[in-house]
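Below, each chain spelled out in residue letters.
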Amino acid sequence: MSGPSTYEPKMGITKWLDARLPIVRLGADVMLAPTPKNLNYWWTFGGILALCLVTQIVTGIILAMHYVASTDAAFASVERIRRDVDYGWLIQSIHATGASMFFLAVYVHMFRGLYYGSYKAPREIVWILGCVIYLLMMATAFMGYVLPWGQMSFHGSAVITNLIGAIPLVGPTVKTYLMGGPAIGDATLNRFFSLHYLLPFVIAGVVALHIWGFHQTGNGNPTGVSVKDVKKDTVPFHPYYTVKDAFAILLFLILFAAFVFYFPNALGHADNSIEANPLQTPAHIVPEWYLLPFYAILRAITFDIGPIPAKLLGVIAMFGSIGILFVLPWLDRSKVRSMRYRPFAQQLFVLFVLASIGLGFCGANNPDDLLFKFREDKLAVSYTDTTGDAQSRIFDGFDEARQFQNSLPATAGASIEISASGFKWLWISQALSAYYFLYFLVIMPVLGVIEKPKPRPASIAESVRKKSGKTPPTPVNAAPQHAE
Amino acid sequence: MAVAGGGVAAVAWPFIQQLAPAADTRALSSAEVDFSKVPLGGEIRVLIGGMPFFVRHRTDVEIQEARNVDVARLRDPQTDDERLKPKADGTLNPAILVTSGTCTHLGCVPVGPAQGTVGDFGGWYCPCHGSHYDTSGRIRKGPAPLNLPIPNYTYTSDTIIKIAL
């Protein structure tokens, strides 16, 4: 809501400065920006995210003073920070936990935006800048996770760089240029460290554009109804929202501190406490929790489509699941911003949130593991028949299986294995991935046309009055200057 | 315009090309391996430029298994002989199998005889997503699309091979 500036310098020095570099004016205009008076606590996550970014930059700069980017010394240097450097345990823990907290907050912030239609005109650019920030966050987090040079750091990054290698034509070259050698090694570690230090400042720059963007258009609000009367519909950001944000930040910091002090390793992976060993792959490679839904989408594609192999399709689906967010403002055809007034969209949105969380669980589990079993495990004898085809037969007991195995000729190469039958995690990831894309590509465009929205309040002020149960002021009274 | 564009590209090129493997990295891209120390039925694992390779001393039974496979039925059809390189005298040495140690699915390192698991086909087993390789390093079961690649190697003597990336 960039109206005319209300800042008036009073002292000689501020007048002098204001004529030359109106930086105080800029700060005052931002802090006193008229803000819709009905913002709920979902709107406090922007402030929480700003705090997260500052926390990561400050702790990160300190860690860089002690960290050594070399395959021989990286793991030991992180252990040294945790054991020997004064308060290193604290700062390292804040940084590692901070990454998870940052993503937790950004997911709430993004779901907020999806529910209240924060991506719709005129805030498309604000939304796209947010998507850029999210992409940069993922790149930063991925490279940061490689730096401690644990087993999961090494093999996780090997999996991701191999994905890039799966892109046709340019993939292998890009992969080599990314790694700086035939495999993940010193060159990779050093360039990842350099970029991991750089990207947060790029994020800070894009955050500035993001904030500039919504100061131009004005904040969205839970009703989605635009501000009609600045005096009736808005309050100054300070002190109304500085206080509200500060309270939310306090609650968030309690959660943050609980992890830092009581569960510093709970969000990490035990395998990363083992130094990287290129010759030994951990049995179960998983990314950090905040990337698990995308890992699930990647692994959900197990079938070729025409000439495109499954591996490449998985990569396309994974990047597509993020890319699709960029065009969301044009996929959603509904004129109504807030899903508060879209009864059907509201329910499908809840399903979308559940699907996203469910995909996270799918990503954490082996696709071939069973969620539940259809029947008791049985025994299967697999063998090669006389025509050379692989066959198998199921038995209830070991004795019968053994008898059948012995009845086959030695050339059949019969072996007994456990035959489990049940619902695979893979099938859940496929169903949830399908819903993820369906939500954006079909539900959003179609629902906007066929859904009949509920009536919206005439203005923000009216929606607040209704909620607080007060009658509208009679026209005789002058409109109140301050919100009730 | 074209001149300015060319100038920009010329200046940009060094800043991109520096990302490529440096000369010392490229220089370390081959190694000599003495395979006479590999026990029968066992293997050694060699890292060259950070890439793992398997050098396996196969038993006669394993060689027979690798040869008895109906090649046409394989996902990535290759005979066992096609997966060996000739010695200096032009003959093959089926006892020694040299393969890449990178699973062709997503790049994990499969486990083998020294790790106690050789998979359903006697060769290697990738614990990440369950690919089984046979005693010739060919993919037999699981998600991997291709056989374990055969690196570029030569016999420099009766007991030494030189593996290059």
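As shown above, the structure is provided for reference.
What counts and how
- Residues numbered from 1 in each chain as written.
- Chains lettered and ligands numbered in written order.
- Predicted model: local features only at pLDDT ≥ 70, side-chain atom pairs only at ≥ 80, totals over all residues.
- Heavy atoms only, no water.
- Contact = heavy atoms within 4.5 Å.
- Buried area = accessible area lost by both parts, 1.4 Å probe.
- Salt bridge = Lys/Arg side-chain N within 4 Å of Asp/Glu carboxyl O.
- Polar contact = N/O pair within 3.5 Å; in protein donor to acceptor, adjacent residues only side chain to side chain.
- Helix = DSSP H or I, 4+ residues; strand = E, 2+ residues; numbered from the N terminus.
- Buried < 20%, exposed > 50% of the residue type's maximum accessible area, 1.4 Å probe, protein only.
- Pairing = 2+ DSSP bridges.
- Axes fitted to C-alpha atoms, helices over the stretch in contact; angles between N-to-C directions.

A. Seen up close, the interface of chain A and chain B. Between chain A and chain B, the contact holds 25 residues from the first and 28 residues from the second. Summed over both partners, the interface of chain A with chain B comes to about 2000 Å²; 59% of that surface belongs to carbon and sulfur atoms. Its largest share of buried area at the contact with chain B, chain A owes to Tyr177, Pro182 and Leu279 of chain A, together 32% of the area lost on that side. The interface formed by chain A and chain B holds zero salt bridges in total. Along the contact surface separating chain A from chain B lie four residue pairs in polar contact (both at pLDDT 80 or more). Contributing elements (two or more residues each) for the side of chain A that touches chain B: α7 (151–165), α8 (171–179) and α12 (292–300) of chain A.

B. Region of interest: the environment of Pro39 of chain B. Structurally, Pro39 of chain B can be placed in the loop between β1 (30–34) and β2 (43–48). Linking Pro39 of chain B and Thr156 of chain B, residues 117 residues apart in sequence, is a C-alpha distance of 20 Å.

C. Local environment of the pairing of strand β5 (residues 122–126) of chain B. Residues and elements named next belong to chain B. Of all five residues making up β5, four are buried, and the element is well covered by its neighbours. Pairing geometry for β5 and strand β6 (residues 131–134), over four bridges, is antiparallel. Considered in β6, the bridge of Tyr125 is made with His132. Counted between consecutive antiparallel strands, the loop separating β5 from β6 contains four residues, among which Gly130 sits at a positive phi close to 75°.

D. Highlighting the sheet that holds strand β4 (residues 96–100) of chain B. All names here are of chain B. Spatially, β2-β3-β4 is the arrangement adopted by the three strands of the open sheet, whose pairing is antiparallel. Two strands bound the open sheet, and with one partner strand each, they are β2 and β4. Each strand axis lies, on average, 20° off the axis of its neighbour in the sheet, ignoring direction. Where strand β3 (residues 51–57) and β4 come together, five bridges link them in antiparallel fashion. Each residue of the ladder has a partner; that of Arg56, found in β4, is Leu97.

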